[in-house]
Amino acid sequence: MGRKAKFNEGEIVKKGPGKKAKKQKDPVLPKSLKAPEDSLKQLSSRQKKRVKKREEKKVELLKKRQENRKNKKKESDEKIPPPPQQDSSEEDFSEDEEMASEDDNVKVDNLNDLSDSEENHSDDSYSDEDDLLPIEKENIKLKKKQALEEKEAEAEMQLNIANQESFKFPTKESEEEVKSLQDVQQRIREIIAVLSEFSKLRDAEHSRSEYIDLLKEDLCTYYSYNDFLMEKLMQLFPLSELLEYLEASEVQRPLTIRTNSLKTRRRDLAQALINRGVNLDPIGKWSKVGLVVYSSQVPVGATPEYLGGHYIIQGASSFLPVMALAPQENERILDMSSAPGGKASHIAALMKNTGVLFANDSNKDRTKAIVGNFHRLGVVNSVITCMDGRNIPKLMKVFFDRVLLDAPCTGTGVVAKDNSVKTSKNEIDIQRCYNLQRQLLLAAIDSVNAKSPTGGYIVYSTCSVLLEENEWVIDFALKKRNVKLVDTGLGFGTEGFTKYRHLRLHPTLNLTRRFYPHEHNMDGFFVAKLKKFSNVIPTSDTSDIAEEVEEGFPSVGPRFLSIGLRLLVEKTGIPQSRVGFVETTFFKPIIIRF
């Protein structure tokens with residue numbers, strides 16, 4: 001191969017700097033980014049004026065401080081005797097300390113002056129609108145508005161306190177004077193305030209009962225109730241909650257509709273109604289089919305969707321009993337008081353048109369509304385009957401898996417719909433409803449089969465808030481039949497009463513649920529769910545002989561309606577002459593008249 005030739009031997013090659021070793025040049029900034037030599041030259045005329053004002057204020061502050069120092073020195077010289085002579089160095093040192101302490105005192109004592117100066121400064125800065133953004137200007141206005149509202153609220157509170165303290169029990173002469181409703185309302189609030197702190201604000205000459213009687217009289221005058229019903233409500237609610245309930249009962253509840261899941265979905269229905277100019281929202285997380293309507297450009301009860309059976313106008317509280325009943329597919333279910341068919345059609349939708357649904361009502365004319373709604377909504381698994389619900393166990397004993405009893409009541413929970421309830425109800429009406437409700441509930445329990453593999457449940461509901469029509473009826477049924485209370489599964493609502501004045505009710509009544517217009521924004525309602533655990537009727541009840549009734553009907557399948565009527569005649573012993581059929585096809589409702 002040979003050696004490598006060294007032609008450049010002896011020559012020194014200069015090693016210059018490489019690319020990395022080269023020094024970078026100093027950065028050159030544009031003139032616009034360079035700091036100005038004199039900042040004052042860049043200030044605008046307004047900025048210069050503000051700087052001048054600040055300097056003048058600083059000078060004024062210094063003068064104030066000096067004047068304060070002189071005044072304090074004079075006061076201290078008058079109070080404290082002159083100290084002994086000291087050296088000049090010590091005097092200088094003490095003077096320095098005094099000056100420092102005076103500066104501190106001035107800072108503490110003159111906070112108001114400083115705050116005033118700062119406020120003036122802030123006002124000056126805010127006065128320059130060119131330097132503030134629009135959002136900053138709005139923030140300033142909002143703060144001023146809030147401060148003004150706080151002052152007005154404080155003044156109003158002081159006025160109310162003064163009026164409260166000056167309340168005097170009215171005399172007979174003052175009662176005879178004609179007063180406006182505003183005066184009556186003001187006196188109601190004053191009496192409630194006195195009763196809330198009776199020991200402090202009471203009049204020594206008058207007892208608590210006299211205050212309560214006066215309050216009841218004023219409430220009856222202002223809200224147009226009779227004495228009997230107002231007394232019941234005062235016993236039911238605390239005074240602070242009573243006013244909320246009465247006020248809420250004067251206002252109509254929101255219009256709600258229920259989606260018919262047999263024909264459409266809630267999302268599709270909502271979109272169709274929104275396209276027609278209806279303003280609506282879902283009713284809440286507790287319901288998957290409810291919609292609340294705020295406003296509408298078209299009549300809600302005359303849209304093509306309504307006529308096609310895609311929805312039904314129904315109160316929000318009417319959803320609750322069916323949700324508590326929780327019907328299953330291929331079950332035998334009875335709605336004992338079903339007119340006009342809102343709850344019954346909801347049951348059919350949850351059953352998906354399987355099994356059989358008996359929709360009963362004692363009023364022959366009202367059953368026509370059930371037929372019309374069922375045809376419109378597409379319910380085909382129904383048998384519509386017209387008979388007294390108390391006679392159902394005699395014909396179909398231990399037959400149903402579940403029973404819904406929306407019992408007739410006084411309607412004290414739906415005062416907003418019917419104002420005549422305020423003055424038309426009395427003790428006799430409540431006693432009549434109470435007796436009827438007890439009989440219907442016992443009949444509903446006797447109609448349910450405790451051995452049902454999926455059911456054995458009874459749901460009792462009313463649109464009343466009175467204890468006599470709700471907890472008392474359930475307490476009676478717990479004593480007379482082999483049933484127990486179970487959770488409704490609704491997830492909200494006020495617990496039922498277990499203690500009421502001097503009464504002590506069954507402890508499991510806290511599983512029942514109450515709904516009020518002022519708390520849940522729906523009509524006053526009561527819901528209780530019972531589970532039947534034995535078909536034996538206790539011997540303490542002399543109305544029927546205790547016996548074990550065997551299950552007498554086969555399980556319900558899709559073909560039940562085609563053979564159901566024949567089985568009904570065979571198993572119950574109803575004469576064929578007493579049975580009339582309006583429609584006998586599978587796809588239309590069937591009416592049985594007894």
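Here, residues in each chain are numbered from 1, in the same order as that chain's written sequence. Totals for whole chains, interfaces and linings use all residues, but because this is a predicted model, local features are given only for residues with pLDDT of at least 70 and pairs of side-chain atoms are given and counted only at 80 or more. Side-chain metrics rest on all non-hydrogen atoms present in the structure, leaving aside hydrogens and water.

You'll find the protein chain entered in an unreviewed UniProt entry as SAM-dependent MTase RsmB/NOP-type domain-containing protein, with Dendroctonus ponderosae given as the organism. In UniProt, the protein chain has this text filed under Sequence similarities (unreviewed entry): "Belongs to the class I-like SAM-binding methyltransferase superfamily. RsmB/NOP family." UniProt positions are given in the numbering used here, feature names are shortened, and annotations may be inferred rather than shown by experiment. Under the heading Subcellular location (unreviewed entry), UniProt records this for the protein chain: "Nucleus, Nucleolus".

A. Focus on the side chain of Asp335. Here Asp335 is to be found in strand β5 (residues 332–335). Among buried Asp, Glu, Lys and Arg side chains, Asp335 stands out as unpaired, with Lys343 the closest opposite charge at 7.0 Å. Should any heavy atoms of two residues lie within 4.5 Å, those residues are considered in contact. Beyond its immediate sequence surroundings of up to four residues, Asp335 is in contact with Lys343, Ala344, Phe358, Ala359, Asn360 and Leu404. Starting at the N terminus, helices and strands are each numbered in turn, a helix being any DSSP run of H or I of at least four residues and a strand any DSSP run of E of at least two. For each residue, the accessible area found with a 1.4 Å probe, counting protein chains only, is set against the maximum for its type, and the residue is called buried under 20%, exposed over 50%, and partly exposed in between. Only four residue types enter the charge count, namely Lys and Arg as positive and Asp and Glu as negative; His and the chain termini do not. A pair is scored as a salt bridge if a Lys or Arg side-chain nitrogen falls within 4 Å of a carboxyl oxygen belonging to Asp or Glu.

B. Spotlight on the sheet that holds strand β3 (residues 290–296). Should DSSP find at least two bridges between two strands, the strands are taken to pair. Spatially, the four strands line up as an open sheet ordered β2-β3-β1-β4, and their pairing is antiparallel. Edge positions in the sheet fall to β2 (278–282) and β4 (311–313), since each has one partner strand and no second. For this sheet, the mean angle separating the axes of adjacent strands, direction not counted, is 35°. Where β2 and β3 come together, five bridges link them in antiparallel fashion. Looking across to β3, one finds that Pro282 is bridged to Leu291. Every axis in this analysis is a line fitted to C-alpha atoms, fitted for helices over the stretch in contact. Angles between the N-to-C directions lie between 0 and 180 degrees. The strands touched by helix α12 (residues 266–275) are β1 (255–259), β2, β3 and β4; relative to β2, the strand with the most contacts, the crossing angle is about 155°.

C. Main features of the pattern of salt bridges. Per the stated rule, a full pass over the model turns up 14 salt bridges. A salt bridge links Glu331 to Arg402; the shortest N-O distance between them is 2.8 Å. Within this pair, whereas Glu331 is found in the loop between α14 (319–325) and β5, its partner Arg402 is found in strand β8 (residues 402–406), the two being separated by 71 residues in sequence. Among the residues examined, Glu331 registers a relative accessible area of 1% and is labelled buried. Residue Arg402 is classed as buried on the basis of its relative accessible area, which comes to 4%. Among the ionic pairs, Asp523 bridges to Lys417, the shortest N-O distance being 3.2 Å.

D. Structural context of the packing of aromatic side chains. Centre distance within 6.5 Å is the pairing criterion for rings of Phe, Tyr and Trp, where only the six-membered ring of Trp is used; planes under 30 degrees apart are then read as stacked, over 60 as edge-to-face, and the remainder as tilted. Counting across every chain of the model gives 14 aromatic pairs. Arranged with centres 5.5 Å apart and planes meeting at 85°, the rings of Phe198 and Tyr211 form a pair that is edge-to-face. Of the two residues, Phe198 is situated in helix α8 (residues 198–201) and Tyr211 in helix α9 (residues 208–223); the sequence distance between them amounts to 13 residues. For the pair Phe198 and Tyr211, a shared accessibility class is recorded, and that class is buried. Plain terms: the ring middles of Phe237 and Tyr516 are 5.2 Å apart, the flat faces sit at 70° to each other, and that makes the pair edge-to-face. Taken together, the residues Phe237 in the loop between α10 (227–236) and α11 (239–249) and Tyr516 in the loop between β14 (513–515) and α21 (517–520) connect sequence positions 279 residues apart.

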